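A structural walkthrough
Residues per chain, in single letters:
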Amino acid sequence: QNIESNKILIESQNELKINELKAIYKQKWIDDLRILVSTYLSTLEKISNRLIFINHTFTTENYTNLRFIENSSERLNEYEEINALFQEIPTYSARLSLYLEKKKKKYQRLLEREKILQASICTVFAVFFGEDVDQLGDKIRKVQSNLNEFQNLLISIILDKDLGGV
């Protein structure tokens, strides 16, 4: 009888250890996801802030006079800074997709929001090439709006994962 009770005790302890390791692994996974999301959102915020700075720094008249084709160094520098940040987005996007369950509706909505956000950033890039200069402020506000929607959805997914959902 002692041998049987010892076996049960050992099995119980093993099960507790396995559950403890699973909890530790899940917490590490969530922490890594949080770091990725914060880095990704930080990069998107930097892009947004640079665009806002451009909008405040240059008036529509200045943009009209500083054609990208004329090789304005200020304009080129602004474009290169934003473009360098923008080039990081696919890496963050791919890494994020590895964490999320692609069949979930929230994930599908997140992908849609992400594509809309990226497209809105690209429309602002068109300003650097002289298109729709007078709509710069509206395009930047659209980026802000799309970024907020993307950020809110992404945060809700992270909270769901933290709380055991999704």
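Higher on the page you've got the structure.
Residues numbered from 1 in each chain as written. Predicted model: local features only at pLDDT ≥ 70, side-chain atom pairs only at ≥ 80, totals over all residues. Heavy atoms only, no water.

Section: the environment of Val124
To keep things clear, this is the line we draw: Each helix is a run of H or I in the DSSP string that is no shorter than four residues. Each strand is a run of E no shorter than two, and both are numbered from the N terminus. A 1.4 Å probe rolled over the protein chains alone gives each residue an accessible area, and that area as a share of the maximum for its type sets the label: buried under 20%, exposed over 50%, partly exposed in between. The contact criterion used is simple: two residues touch if any of their non-hydrogen atoms lie within 4.5 Å.
Here Val124 lies in helix H5 (residues 105-128). Relative accessible area serves as the criterion here: at 1%, Val124 is assigned to the buried category. C-alpha of Val124 to C-alpha of Val143: the two residues are 19 residues apart in sequence and 8.4 Å apart in space. Each residue touching Val124, except ones within four places of it in the same chain, is listed here: Leu51, Leu136, Lys139, Ile140 and Val143.

Overview of the packing of aromatic side chains
Keep this limit in mind: Any Phe, Tyr or Trp ring, taking Trp's six-membered ring, that has another such ring centre within 6.5 Å forms a pair; planes under 30 degrees apart are called stacked, those over 60 apart edge-to-face, and the others tilted.
This structure, assessed with the given rule, holds three aromatic pairs. Look at Tyr40 and Phe150: their rings are 5.6 Å apart centre to centre, the planes differ by 75 degrees, and that puts the pair in the edge-to-face class. In this pair, Tyr40 sits in helix H1 (residues 2-57) while Phe150 sits in helix H6 (residues 136-162), placing the two residues 110 residues apart along the sequence. On the basis of relative accessible area, Tyr40 is assigned to the buried category, the value being 1%. Using a relative accessible area of 0% as the deciding quantity, one classes Phe150 as buried. A connected cluster of aromatic rings, assembled from ring pairs, spans Tyr40, Tyr92 and Phe150.

A word on the nonpolar core
Defined as follows: Residues belong to one nonpolar core when they are buried, are Ala, Val, Leu, Ile, Met, Phe, Trp, Tyr or Cys, and are joined through side-chain atoms within 4.5 Å.
Formed by 34 residues in total, the largest nonpolar core has its most connected members in Leu44, Ile47, Leu96, Leu110, Ile121 and Phe150. Counting only elements with at least two residues in this core, the list comes to H1, helix H3 (73-86), helix H4 (89-99), H5 and H6. Residue contacts for Ile47: discarding those within four places in its chain leaves Ile82, Leu85, Phe86, Ile89 and Ile121.

Things to note about the pattern of salt bridges
Pairing is possible between side chains of opposite charge, provided their charged atoms come close. Note the cut-off: Salt-bridge detection follows one rule: a side-chain nitrogen of Lys or Arg within 4 Å of a carboxyl oxygen of Asp or Glu.
As enumerated under the stated definition, the model contains five salt bridges in all. Residue Glu20 is joined to Lys17 by a salt bridge in which the shortest nitrogen-to-oxygen separation is 3.6 Å. Residue Glu20 and its partner Lys17 are both found in helix H1; the two are separated by three residues, about one turn of the helix. According to the relative accessible area criterion, Glu20 is partly exposed, its value standing at 42%. Here Lys28 ties to Asp32 by a salt bridge, and the two come within 2.9 Å at their closest N and O atoms.

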